Amino acid sequence: MVQRLRVRYAKRGRLRFTSHRDISRAVERAVRRAEIPVAFSAGFSPHPKISYAGAAPTGVASEAEYLEIGVSRPCDPDQVRADLDASLPPGLDVLDIVEARSGSLADKLECSVWELRLPGADPVAAEQAVKEFEAADRVEVERLTKKGMRQFDARQAVRSVAVSVRADTTAGQEPGQPCVILRMVVRHETPAVRPDDVLMGLRLVAGFAPPSSPEVTRLAQGPLDATTGEPADPFDAERSGGDL
Amino acid sequence: MPVESLFSRLEPLLPKVQKPIQYVGGELNSTVKDWDEATVRWALMYPDAYEVGLPNQGVQILYEILNELPETMAERTYAVWPDLEALMRSEGVPQFTVDAHRPVRAFDVLGVSFSTELGYTNLLTALDLAGIPLEAVDRTDEDPIVLAGGHAAFNPEPIAAFLDAAVLGDGEQIAIAISEVVREWKAEGRPGGRDELLMRLASTGGVYVPKFYDVEYHPDGRIKRVVPNRSGVPSRVFKHTVMDLDEWPYPKKPLVPLAETVHERFSVEIFRGCTRGCRFCQAGMITRPVRERSITTIGDMVDAGLKESGFSEVGLLSLSSADHSEIGEIAKGLADRYEGTQTGLSLPSTRVDAFNIDLANEFSRNGRRSGLTFAPEGGSERMRKVINKMVTEEDLIRTVTTAYSQGWRQVKLYFMCGLPTEEDIDVLAIADLAKKVIKAGREATGSRDIRCTVSIGGFVPKPHTPFQWAAQCDHETVDRRLRELRDALRGDKEYGRAIGYRYHDGKPSIVEGLLSRGDRRVASVIRAVWEDGGRFDGWSEHFSYERWMTAAERALSGELVDVEWYTTREREEHEVLPWDHLDAGLDREWLWQDWQDAVNDVEVEDCRWTPCYDCGGCPTMGTEIQIGPTGKKLLPLTVV
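Residues numbered from 1 in each chain as written. Chains lettered and ligands numbered in written order. Predicted model: local features only at pLDDT ≥ 70, side-chain atom pairs only at ≥ 80, totals over all residues. Heavy atoms only, no water.

### Brief notes about the overall build of chain B
Item 1. Along the backbone of chain B there are 21 helices and 18 strands.
Item 2. With the principal axes as the frame, chain B shows a C-alpha extent of 75 × 70 × 55 Å.
Item 3. Put simply, chain B has 640 residues, and 61% of those count as buried.
Item 4. A separation threshold of at least 6 residues defines the contact pool for chain B, and within that pool the share at least 24 residues apart is 78%.
Item 5. Of the roughly 24200 Å² of accessible surface on chain B, 49% is carried by carbon and sulfur atoms. (Helix = DSSP H or I, 4+ residues; strand = E, 2+ residues; numbered from the N terminus. Buried < 20%, exposed > 50% of the residue type's maximum accessible area, 1.4 Å probe, protein only. Contact = heavy atoms within 4.5 Å. Areas by Shrake-Rupley, 256 points an atom, 1.4 Å probe, with all protein chains shown as cover.)

Written out as structure tokens, the structure reads:
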């Protein structure tokens, strides 16, 4: 492996129903079709050196997914960006590629910005629920995991939640109807707090229950900027020509 | 009249179901045509879950061929899982295609490919969700022609009531011919409605329209005869055979799904047909004669298919892949060509006697050396003579020993239980064979780190085979023999721990037997099972033997026949069988003679390398064996 390429890509529209396993198969095949000289692990059963950082859950769209490809000969990132994007199915779209120059990609992805569209929800009730949620120290929620039902705090990881109302474009809803939108910045912790866990928390603290399932999109990921309370660009170091 | 996409109504349901990606379409190399651009519109269905149906070669081939025709379009639809079915019913969303999410009922033809009879209940779900009447007689000009193909269509009688038509054999040419008949009929303004369209199809002799045939019965319940009930309908319907596979190099652009499926590779058929003459094997009987694809076409297809798909594995498909006359050159050529590119080759369906270690080495050169699978099918030498699977114990031991000494650690052996004339001792012989395999392997390698897995399932007699007259073994006997075999394997101190054991119990085989050799009276059983919630019968977690038996008792209560009559009853030579009017090219007297030979342990050679045994396949269909060698070699490609 002579070079590592860091890729930001989007998962859009109906492709939001892909799982992280679906995406890894699609990426491996796209890399082969695009004839990108991916490096392989050594050993009995060689695997392409592609690593994925914190994939969004199945059903959640994203404008900020990240992966890293190790290649066996130097490549022009712009060329790889064009080739890989052309080779991936529409809806898996390459947004940015840089050559890795700094520490682990996963370590830089400290938090996410999530947008939840809640068609049919009451904006006043949403505001009130968010207030009560933010006022709490801990909000214990439950989620069914592979290891069974698990209880954890959904409050501490949430940096901020903002409520707004916009015209609806959500699947299955009347177009033009006002729709409640939650925009939240959530730190990546263990166990991971996902947008639906926060929604569960809103229900537990204030009885807030939207009438239909939310449409969720991850808007950004990156290191948490303490002054803005928002994620910075995880490619900052690469762009400023920073050290290794 | 444009047909709207159902996707906006389906989309809100998807977050609530398992693996929603299987319903969204958008596969690489899939095709969406404008509705109005085509005059003949096919919905192609594989009646099982997407993960099983998507890789199906038959559907992929027809999908591509039909979409290449200028005035024709084809989209695909699969069985939806019960979670989505419930939501579709409550929200009123009809059965849809995955390509453009169009309603299935809006198409001209719904073509359904049945690899197995266990998809019959899923056909009913799809029809019902589509809003198409279940019974063909209730359909109107607003409904598509429901057309069955695939191996199970060689006896479509149990689902005849639900079908408008069935086609036997290779689909490439007949699908185009049917499209042309539909196109002309529509261009003429649909004269005579769907009845005339069906009549036009039936009169070609290549499409079976069940409702144009009446079945008469003897007072004891046996079939007296099956006769056309109107003039212009042929008394026999023939299968279709594509003779030159090099002229039909499909799939050219394999569908690459986003969802995980059962076969994640690019598959190329290297030949069709098999004349080994295994008597239990319906595929080997109904796909005669052998037609090889040439080494150069195979090489071109692999090259193009890998480039189009990005798959990292190639499967060379056929009924017995090591039997291709140039398999050695193909394996070496492909292994050379893809050296260093992390491209794996796999060769499903390998006979013990055709296997050689050089071949296996070529196939594992660029990939893993994990396991080898062989199918002796019968445990004792006598049993293998009965089924005409001419593999000797020496062959097997020698082959397996070589494999172990060349570095393979795991060998899988496939068998069947409940074969005609079988006794307990024949099944217990499997244990002896497995122990000898391990013993020989340990001696050859000097290592105890080798394993062998015995995999065994119940035998089901199939139409158009010499065993079509045979009594199916009852499930109690099958299950008892399977238990005894398990005890014989596990109880062995020296070898037991090196031998794995996998089995399928006997009950599902009885249902498969009922559907395989059933007649039109079985339709009411299928319908009753479906109405009782029967779905996905090929999946053990969904299959219910009790449901089938209860439904059969109820549905057949007014008849002279029952499940035993269809399954465990041996037939007389001259009994009219439900599929006798459907011609797979096999001479009935030859089949009967072969059945008699089976009972007397007499073997028959392969007609590729020995004189013709007059099975009837070639003269009836005007076909002949097409095999190499061509003497050509694969040229290296420039690999970056």
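### A word on the overall build of chain A
Item 1. Within chain A one finds six helices and twelve strands.
Item 2. The C-alpha radius of gyration computed for chain A amounts to 19 Å, which stays within 12% of the reference 18 Å derived for 244 residues, consistent with globular compactness.
Item 3. Overall size of chain A, expressed as C-alpha extent along the three principal axes, is 55 × 40 × 35 Å.
Item 4. Taking the intrachain contacts of chain A between residues at least 6 apart in sequence as the baseline, contacts between residues at least 24 apart amount to 73%.
Item 5. Total accessible area computed for chain A in this model is approximately 11600 Å², and 49% of it derives from carbon and sulfur atoms.
Item 6. A gap of 5 Å separates the mean positions of the 33 positive and 36 negative side-chain charges of chain A. (Rg over C-alpha atoms; globule rule 2.2 N^0.38 Å. Lys, Arg positive; Asp, Glu negative; His and termini not counted. Charge placed at Lys NZ, Arg CZ, Asp CG, Glu CD.)

### Regarding the sheet that holds strand β9 (residues 266-269) of chain B
Residues and elements named next belong to chain B.
Item 1. Strand order in this open sheet of three strands is β9-β12-β13, and the pairing throughout is parallel. The two strands at the open ends of the sheet, each matched to only one other strand, are β9 and β13 (344-346). Here the strands of the sheet are splayed against their neighbours by 20° on average, with no regard to which way each runs.
Item 2. Where strand β12 (residues 313-317) lies against β13, three bridges are found, and the strand directions are parallel. The partner of G315 across the bridge, within β13, is S346. (Pairing = 2+ DSSP bridges. Axes fitted to C-alpha atoms, helices over the stretch in contact; angles between N-to-C directions.)

### Digging into the domain arrangement of chain A
All names here are of chain A.
Item 1. When its domains are assigned, chain A resolves into domain 1 (3-102) and domain 2 (111-222).
Item 2. Computed over C-alpha atoms only, the centres of domain 1 and domain 2 are separated by 28 Å.
Item 3. The interface is formed by 13 residues belonging to domain 1 together with nine residues belonging to domain 2.
Item 4. The contact between domain 1 and domain 2 buries some 810 Å² in all, and 51% of this surface belongs to carbon and sulfur atoms.
Item 5. Scanning the region where domain 1 abuts domain 2 turns up one salt bridge.
Item 6. Among the ionic pairs, R218 bridges to E65, the shortest N-O distance being 2.9 Å. (Domains from an automatic or database assignment. Buried area = accessible area lost by both parts, 1.4 Å probe. Salt bridge = Lys/Arg side-chain N within 4 Å of Asp/Glu carboxyl O.)

### Quick word on the interface of chain B and chain A
Item 1. With 30 residues of chain B at the interface, the matching set in chain A holds 22 residues.
Item 2. Counting the surface chain B buries against chain A, the share from its top three residues, E11, L258 and Q342 of chain B, is 25%.
Item 3. Linking chain B with chain A are five salt bridges.
Item 4. Salt-bridge contacts for R25 of chain A lead to E260 of chain B; the nearest nitrogen and oxygen are separated by 3.7 Å.
Item 5. Scanning the region where chain B abuts chain A turns up ten residue pairs in polar contact (both at pLDDT 80 or more).
Item 6. Those elements that provide at least two residues to the side of chain B that touches chain A are α1 (7-10) and α9 (295-309) of chain B.
Item 7. In terms of residue count, α9 of chain B provides more of the side of chain B that touches chain A than any other element does, three residues in total.
Item 8. Among the residues making up the side of chain B that touches chain A, the classes are represented as 14 nonpolar, eight polar and eight charged. (Polar contact = N/O pair within 3.5 Å; in protein donor to acceptor, adjacent residues only side chain to side chain. Nonpolar A, V, L, I, M, F, W, Y, C, P; charged D, E, K, R; others polar.)

### Some thoughts on the packing of aromatic side chains
Residue and element names in this part refer to chain B.
Item 1. The tally for this structure, following the rule as stated, stands at 15 aromatic pairs over all chains.
Item 2. Aromatic pair F459 and F467: ring centres 5.7 Å apart, planes at 80°, arrangement edge-to-face.
Item 3. Residue classification places F459 among the buried residues on the basis of a relative accessible area of 4%.
Item 4. An aromatic cluster of three or more residues is present, and its members are W81, F536 and W539.
Item 5. When the ring centre of Y63 is taken as reference, the NZ or CZ atom of R76 above it lies at 4.8 Å.
Item 6. Sitting above the plane of the W565 ring, R569 keeps its charged end 3.9 Å from the centroid. (Phe/Tyr/Trp six-rings, centres within 6.5 Å; stacked < 30°, edge-to-face > 60°. Lys NZ or Arg CZ within 6 Å of the ring centre and 35° of its normal.)

### Overview of helix α20 (residues 588-599) of chain B
All names here are of chain B.
Item 1. Here α20 spans 17 Å end to end across twelve residues, near enough to the 16 Å set by a 1.5 Å rise per residue.
Item 2. Check the buried side of α20 and you find it contacts α8 (282-286) and α12 (381-386).
Item 3. Remark: D601 follows α20 within two positions and exhibits a positive phi of approximately 60°. (Expected span 1.5 Å × (residues − 1).)

### As for helix α5 (residues 120-130) of chain B
Residue and element names in this part refer to chain B.
Item 1. Judged by how many residues are buried, α5 sits mostly within the fold: ten of eleven residues are covered.
Item 2. Along α5, the residues classified as buried are Y120, T121, N122, L123, L124, T125, A126, L127, L129 and A130.
Item 3. Just downstream of α5, G131 is the residue with a positive phi angle, here 85°.

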